[in-house]
Amino acid sequence: KVERIDTNMAEESSDRTILSMWSAPRSLSTVVFFAFAQLPECKLWDEPLMAYYFKKHNLPAFEEWNEYVNSDANDKEKRLNSIFNTEYGKKIHYIKNMCFQWEDIEQEYFNKMTHAFLIRSPE
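Residues numbered from 1 in each chain as written. Predicted model: local features only at pLDDT ≥ 70, side-chain atom pairs only at ≥ 80, totals over all residues. Heavy atoms only, no water.

**Student:** Go over the overall build of the protein with me, naming the residues and quoting the values.
**Tutor:** Across its full length, the protein carries five helices and four strands. Going from N to C terminus, the protein has its helices and strands arranged as β-α-β-α-α-α-β-α-β. Put simply, of all contacts in the protein between residues at least 6 apart along the chain, 76% involve residues at least 24 apart. When the accessible area of the protein is evaluated, it comes to approximately 7900 Å², of which 53% is carbon and sulfur surface. (Helix = DSSP H or I, 4+ residues; strand = E, 2+ residues; numbered from the N terminus. Contact = heavy atoms within 4.5 Å. Areas by Shrake-Rupley, 256 points an atom, 1.4 Å probe, with all protein chains shown as cover.)

**Student:** Go over the layout of surface pockets with me, naming the residues and quoting the values.
**Tutor:** For the second largest pocket, the calculated volume is near 180 Å³. Ala-24, Pro-25, Arg-26, Ser-27, Leu-28, Ser-29, Thr-30, Glu-47, Lys-96, Met-98, Phe-100 and Gln-101 are the residues that line the second largest pocket. Elements with a minimum of two residues in the lining of the second largest pocket: α1 (29-37) and β3 (92-98). When the residues that make up the lining of the second largest pocket are grouped by side-chain class, the tally is five nonpolar, four polar and three charged. (1 Å grid on protein atoms, 1.4 Å probe; cavity = no way out; pocket = protein on both sides within 12 Å on 5 of 7 lines; lining within 4 Å. Points joined across faces, edges and corners; volume = space filled by probe spheres on them. Nonpolar A, V, L, I, M, F, W, Y, C, P; charged D, E, K, R; others polar.)

**Student:** Can you lay out the sheet that holds strand β4 (residues 114-117) for me, pointing to particular residues and giving the numbers?
**Tutor:** With respect to topology, four strands assemble into an open sheet ordered β2-β3-β1-β4, the strand pairing being parallel. This sheet does not close on itself; its edge strands, each paired only once, are β2 (42-46) and β4. Direction aside, the axes of adjacent strands within the sheet are offset by 20 degrees on average. The pairing of strand β1 (residues 17-23) with β4 spans four bridges and is classified as parallel. In the sheet register, Leu-19 faces β4, and the bridge partner there is Thr-114. (Pairing = 2+ DSSP bridges. Axes fitted to C-alpha atoms, helices over the stretch in contact; angles between N-to-C directions.)

**Student:** Got a sec to walk through the packing of aromatic side chains? Specific residues and values, please.
**Tutor:** Counted according to the given criterion, the structure contains nine aromatic pairs. By way of ring pairs, the aromatic residues Phe-33, Phe-34, Phe-36 and Tyr-94 are connected into one cluster. Above the ring of Trp-45, the side-chain terminus of Lys-43 is found at 4.7 Å from the ring centroid. Note that Lys-96 overlies the ring of Phe-33, its terminal NZ or CZ placed 5.8 Å from the centroid. (Phe/Tyr/Trp six-rings, centres within 6.5 Å; stacked < 30°, edge-to-face > 60°. Lys NZ or Arg CZ within 6 Å of the ring centre and 35° of its normal.)

**Student:** Describe the environment of Leu-59, with residues and values.
**Tutor:** In this fold, Leu-59 is placed in the loop between α2 (50-56) and α3 (66-69). The spatial distance from the C-alpha of Leu-59 to the C-alpha of Val-69 is 9.8 Å, given a sequence separation of ten residues. Once residues lying within four places of it in the same chain are set aside, the contact partners of Leu-59 are Tyr-53 and Phe-54.

**Student:** Could you give an account of helix α4 (residues 76-85), with specific residues and numbers?
**Tutor:** Considered for burial, the residues of α4 that qualify are Lys-76, Arg-79, Leu-80, Ile-83 and Phe-84. The buried side chains of α4 occupy one side of the element, clustering within an arc of 110 degrees when seen end-on. Against β1, β2, α2, α3, β3 and α5 (107-110) lie the buried residues of α4. (Buried < 20%, exposed > 50% of the residue type's maximum accessible area, 1.4 Å probe, protein only. Arc of directions from axis to C-beta.)

**Student:** How would you summarise the nonpolar core if you had to cite specific residues and measurements?
**Tutor:** Judged by nonpolar contacts, the single largest core of 13 residues is most densely connected at Leu-80, Phe-84, Ile-95, Trp-102, Ile-105, Phe-110 and Met-113. Per element, the largest residue contribution to this core is three residues, and it comes from α4. Beyond its immediate stretch of four places on either side in the chain, Trp-102 contacts Trp-22, Pro-48, Leu-49, Leu-80, Phe-84, Asn-97, Phe-110 and Met-113. With six residues, the next largest nonpolar core counts Leu-19, Met-21, Phe-36 and Tyr-94 among its residues. (Core = buried A, V, L, I, M, F, W, Y, C linked by side-chain atoms within 4.5 Å.)

This is the structure:
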């Protein structure tokens, strides 16, 4: 069932909506991500805390990800500041998220987002 996004659910810090789509691997989240990419009023974030999570847990990254994981992208505070305190001139900020990558993020950030969940059938 698809329902309209209620942009009043999240605390308003500006006139933009930060939509967090929570999903699991292999849930077609990338398909939804690219659908939002077609909207000119959308700023996209694809797992913005992945590098931070990999670095924090000292996880091996795919060879092509090493540069990304070892870049500024692993700085949690910089990433959160980019997401929540920078406008980018867009009305919607769409974040494709994996829950485990946000394990130690302060509650205040969750309160600033409108949340949606992409749940796949295990069949």
